[in-house]
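Chain by chain, the residues:
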Amino acid sequence: QAAAEGHEIGLHAWDHQRWQAKVQKLSDAELQEELDRGQQRLQQIIGRAPDCAAAPGWRMTHAALELRERYPNRYNSDCRGETIFHPVLANGELGQPQIPTTLPTYDEYVGPGKSAESYYTSILDSIHPGQLNVLTIHAEVEGMIAAELFDVFLTQAKQRGIRILPLGSL
């Protein structure tokens, strides 16, 4: 439904846990299988190639980055950072653009002494005009357990003149 409504759709992982825990130990063949399975299944579901990809836990290796280049992604978001960049591949060519996450995620912030309510206020206060401000959200958090707070966050962002954009527009 999201794809049919024109939203960007990206591959996160075929097996989130395996990728996050073992990506550095996987062989090229195992990496290729993980990428192929996820890419093919997502393409079956949405009826077209995904727009992008984002590695679980921002865990990426040189080998995985090189293999990811085989897919027609407009961009990827596999890292933390401050600016959009093109990684340099082993052959010296520039890879697909990387749009890094710049802000902390809900699960990184909320915990002892830090509430969900203060998280969204902190995010709003951390957004700086003229800089790259990328917030990674999760369906199981912002779409479920914190959906009401996220809705308030979006309303407050709009009131502050903050525009919410899909990463591909960057």
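Above: the structure in question.
Residues numbered from 1 in each chain as written. Predicted model: local features only at pLDDT ≥ 70, side-chain atom pairs only at ≥ 80, totals over all residues. Heavy atoms only, no water.

K.L.:
Now, about helix α5 (residues 116–126): what can you tell me, with residues and values included?
P.N.:
Residues of α5 that are buried include every one of Ala-116, Tyr-119, Tyr-120, Ile-123 and Leu-124, and no others. Within α5, the buried residues cover an arc of 130° as seen down the axis, which keeps them to one side. Check the buried side of α5 and you find it contacts α4 (106–109), α6 (139–145) and α7 (147–159). (Buried < 20%, exposed > 50% of the residue type's maximum accessible area, 1.4 Å probe, protein only. Helix = DSSP H or I, 4+ residues; strand = E, 2+ residues; numbered from the N terminus. Arc of directions from axis to C-beta. Contact = heavy atoms within 4.5 Å.)

K.L.:
Could you give an account of the nonpolar core, with specific residues and numbers?
P.N.:
If you look at the biggest cluster of nonpolar residues, it comprises 13 residues, and the most contacted ones within it are Tyr-106, Tyr-119, Tyr-120, Ile-123, Val-141, Ala-146 and Phe-153. Of all elements in the fold, only α4, α5 and α7 reach the threshold of two or more residues within this core. For Tyr-106, the residues in contact, after removing those within four places along its chain, are Ala-116, Tyr-119, Tyr-120, Val-141, Glu-142, Ile-145 and Ala-146. Grouped together as the second largest cluster of nonpolar side chains are nine residues, Val-23, Leu-26, Ala-64 and Leu-67 included. (Core = buried A, V, L, I, M, F, W, Y, C linked by side-chain atoms within 4.5 Å.)

K.L.:
Please provide a residue-by-residue account of the sheet that holds strand β1 (residues 10–11), values included.
P.N.:
Pairing in this open sheet of three strands is parallel, and the strands run β1-β2-β3 from one edge to the other. The open sheet has two edge strands, β1 and β3 (75–76), and neither has a second partner. Bridge count between β1 and strand β2 (residues 52–53): two bridges; the pairing is parallel. By the bridge assignment for β2, Leu-11 is matched with Ala-53. (Pairing = 2+ DSSP bridges.)

K.L.:
Outline the environment of Pro-87, listing residues and values.
P.N.:
With respect to the helices and strands, the residue Pro-87 is situated in the loop between β3 and α4. Discounting chain neighbours no more than four positions away, the residues touching Pro-87 are Leu-65, Glu-93, Leu-94, Gly-95, Gln-96 and Gln-98.

K.L.:
Residues and numbers for the packing of aromatic side chains, please.
P.N.:
By the definition in use, this model includes seven aromatic pairs. Aromatic side chains Tyr-106 and Tyr-120 sit 6.2 Å apart centroid to centroid with 40° between the ring planes, which places their arrangement in the tilted category. A residue pair is termed long-range when its members are at least 10 positions apart, and Tyr-106 in helix α4 and Tyr-120 in helix α5 qualify at 14 residues. Each of the two residues, Tyr-106 as well as Tyr-120, counts as buried. Residues Phe-150 and Phe-153 carry aromatic rings whose centres are separated by 5.6 Å and whose planes lie at 20° to one another, so their mutual orientation is stacked. Pair noted here: Phe-150 and Phe-153 are both in helix α7, with a separation of three residues, about one helical turn. Classification of Phe-150 as buried rests on a relative accessible area of 13%. Phe-153 gets classed as buried once you look at its relative accessible area, which sits at 3%. Counting every residue linked through ring pairs, the aromatic cluster contains Tyr-106, Tyr-109, Tyr-119, Tyr-120, Phe-150 and Phe-153. Taking NZ or CZ as reference, Arg-80 lies 3.9 Å from the ring centre of Trp-58, over its face. Taking the ring centre of Tyr-109 as reference, the NZ or CZ of Lys-114 above it sits at 5.0 Å. (Phe/Tyr/Trp six-rings, centres within 6.5 Å; stacked < 30°, edge-to-face > 60°. Lys NZ or Arg CZ within 6 Å of the ring centre and 35° of its normal.)

K.L.:
I'd like a description of the environment of His-128, backed by residues and values.
P.N.:
Mapped onto the elements of the fold, His-128 is located in the loop between α5 and α6. For His-128, a relative accessible area of 38% corresponds to the partly exposed category. Separated by 22 residues in sequence, His-128 and Tyr-106 have C-alpha atoms that sit 19 Å apart. Among the polar contacts listed, one links the side chain of His-128 to the backbone oxygen of Ser-126, at a separation of 3.3 Å. (Polar contact = N/O pair within 3.5 Å; in protein donor to acceptor, adjacent residues only side chain to side chain.)

K.L.:
Describe the environment of Thr-102, naming the residues involved and giving the relevant values.
P.N.:
Among the structural elements, Thr-102 can be located in the loop between β3 and α4. Excluding residues that lie within four positions of it along the chain, Thr-102 makes contacts with Gly-81, Glu-82, Leu-132, Asn-133 and Val-134. Engagement of the side chain of Thr-102 in a polar contact is seen with the backbone oxygen of Leu-132, the distance being 3.4 Å. In this structure the side chain of Thr-102 is engaged in a polar contact, spanning 2.8 Å, whose partner is the backbone nitrogen of Val-134.

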